[in-house]
Amino acid sequence: MKPNTLLNKVQREDLDKDMQAHWDNANQVTGDATFIEVFGNNPKVYNWYINEFYQKLFYSGRIETTLVELIRLRLANIHGCAFCNKGDSVHALEAGISQQQIDSLNDPAEPLFSRRELLALEYANTMALTNLKGQLSEEFYKELSKEFKDSEIIEMGLIMAVLVGVTKMNFALDIVEKEDYCPF
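Source: prediction; values computed, not measured.

Student: Which parts of the structure should I look at to understand the environment of Gly31?
Tutor: Looking at the element boundaries, Gly31 is found in the loop between α1 (17-30) and α2 (34-39). Assessed through its relative accessible area of 47%, Gly31 is described here as partly exposed. In this structure, the C-alpha to C-alpha distance between Gly31 and Lys2, residues 29 residues apart in sequence, is 10.0 Å. Filtering out sequence-adjacent residues up to four positions away, Gly31 remains in contact with Lys2 and Ala26.

Printed below as a string of structure tokens:
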């Protein structure tokens, strides 16, 4: 389902050069740049999202890039964000995740995924919008803490919280394409 937002869209030629490059990339990868056009109304917030969230948190290097890419793509798959699935798949492949792993995200298992990756994907399932009662149980925490320090659990949780929140906003404002199976 193509987006049909009520918000004003800023045309490509009226965006700053960085946003024009993102507009071009979004169109090339996903076939739609509504997300960029809507954010053209507030470039400072868009720049925060790209520079502060993605560059300083998501790609900080404190948690391996393949892991955060798997988490992001798993959440996009669960939520049914077509825009995200298309773009996140490209980023996942660039990070070294195999197509076979991407194709197996709905039913991840060893040996395709490491124990650390499987736990991170289960953590993503806990954080997903569709899991209204998602909570870190004592049992799951014990398993998670065998592979992750508390600082990493917090950092992954914040990354997922931002991704989930942005997904909710994207759907509420109807600024991204949804998959046919999207539950929202």
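Student: I tried to follow the pattern of salt bridges on my own but got confused; where do I start?
Tutor: A pair can form between side chains of opposite charge whenever their charged atoms are brought close. For the coordinates displayed, the defined rule picks out 12 salt bridges. One salt bridge in this structure joins Lys2 and Glu177, with 3.7 Å as the shortest N-O distance. Of this pair, Lys2 sits in the segment before α1 while Glu177 sits in the segment after α9 (150-172), placing them 175 residues apart in sequence. Owing to a relative accessible area of 51%, Lys2 belongs among the exposed residues under this scheme. For Glu177, the salt bridge goes to Lys86, with nearest N and O atoms at 2.9 Å. Here Glu177, found in the segment after α9, pairs with Lys86, found in helix α5 (residues 82-95); they are 91 residues apart in sequence, far enough to count as distant. A relative accessible area of 14% means that Glu177 is categorised as buried.

Student: In this structure, what is going on with the packing of helix α7 (residues 115-127) against α9? I would like to understand it.
Tutor: In a packed pair of helices, the relevant descriptors are the angle between the two axes and the axis-to-axis distance. One can describe the packing of α7 onto α9 by two numbers: an axis separation of 10 Å at closest approach and a directional angle of 45°. As summarised for this structure, α7 and α9 are arranged oblique, according to the angle between their axes. Pair α7 / α9 crosses with right-handed handedness. On α9, the residues touching Arg116, Ala120, Tyr123, Ala124 and Met127 of α7 are Glu152, Ile153, Met156, Gly157, Met160, Ala161 and Val164. Here the contact of α7 with α9 is composed, by residue class, of 9 nonpolar, 1 polar and 2 charged.

Student: Explanation requested: helix α4 (residues 65-79) in the structure shown.
Tutor: Residues spaced three or four apart along an α-helix face the same direction, because each turn holds 3.6 residues. Between its first and last C-alpha, α4 extends 21 Å over 15 residues, near the 21 Å set by a 1.5 Å rise per residue. The buried fraction of α4 amounts to 13 of the 15 residues, a majority that puts the element mostly inside the structure. Downstream of α4 by a residue or two, Gly80 has a phi angle that is positive, lying close to 80°.

Student: How should the layout of surface pockets be read in this particular structure?
Tutor: If a probe as big as a water molecule is rolled over the atoms, it shows which places are left empty. In this model, the largest pocket occupies a volume close to 680 Å³. In terms of lining residues, the largest pocket is bounded by 29 residues, among which Tyr54, Arg72, Phe83, Asp88 and His91 are the most central. Here the residues of the lining of the largest pocket are counted per class, giving 17 nonpolar, 9 polar and 3 charged. When its volume is computed, the second largest pocket comes out at roughly 160 Å³. Forming the boundary of the second largest pocket are Leu73, Asn77, Asn85, Ser89, Ile102, Asp103, Leu105, Asn106 and Tyr181. Of all the secondary structure elements, the ones that give two or more residues to the lining of the second largest pocket are α4, α5 and α6 (99-103). Looking at the lining of the second largest pocket residue by residue, the classes come out as 4 nonpolar, 4 polar and 1 charged.

The rules behind these values
Residues numbered from 1 in each chain as written. Predicted model: local features only at pLDDT ≥ 70, side-chain atom pairs only at ≥ 80, totals over all residues. Heavy atoms only, no water. Helix = DSSP H or I, 4+ residues; strand = E, 2+ residues; numbered from the N terminus. Buried < 20%, exposed > 50% of the residue type's maximum accessible area, 1.4 Å probe, protein only. Contact = heavy atoms within 4.5 Å. Salt bridge = Lys/Arg side-chain N within 4 Å of Asp/Glu carboxyl O. Axes fitted to C-alpha atoms, helices over the stretch in contact; angles between N-to-C directions. Parallel < 35°, antiparallel > 145°, perpendicular 65-115°, else oblique. Left-handed = near helix turned anticlockwise from the far one by under 90°. Nonpolar A, V, L, I, M, F, W, Y, C, P; charged D, E, K, R; others polar. Expected span 1.5 Å × (residues − 1). 1 Å grid on protein atoms, 1.4 Å probe; cavity = no way out; pocket = protein on both sides within 12 Å on 5 of 7 lines; lining within 4 Å. Points joined across faces, edges and corners; volume = space filled by probe spheres on them.

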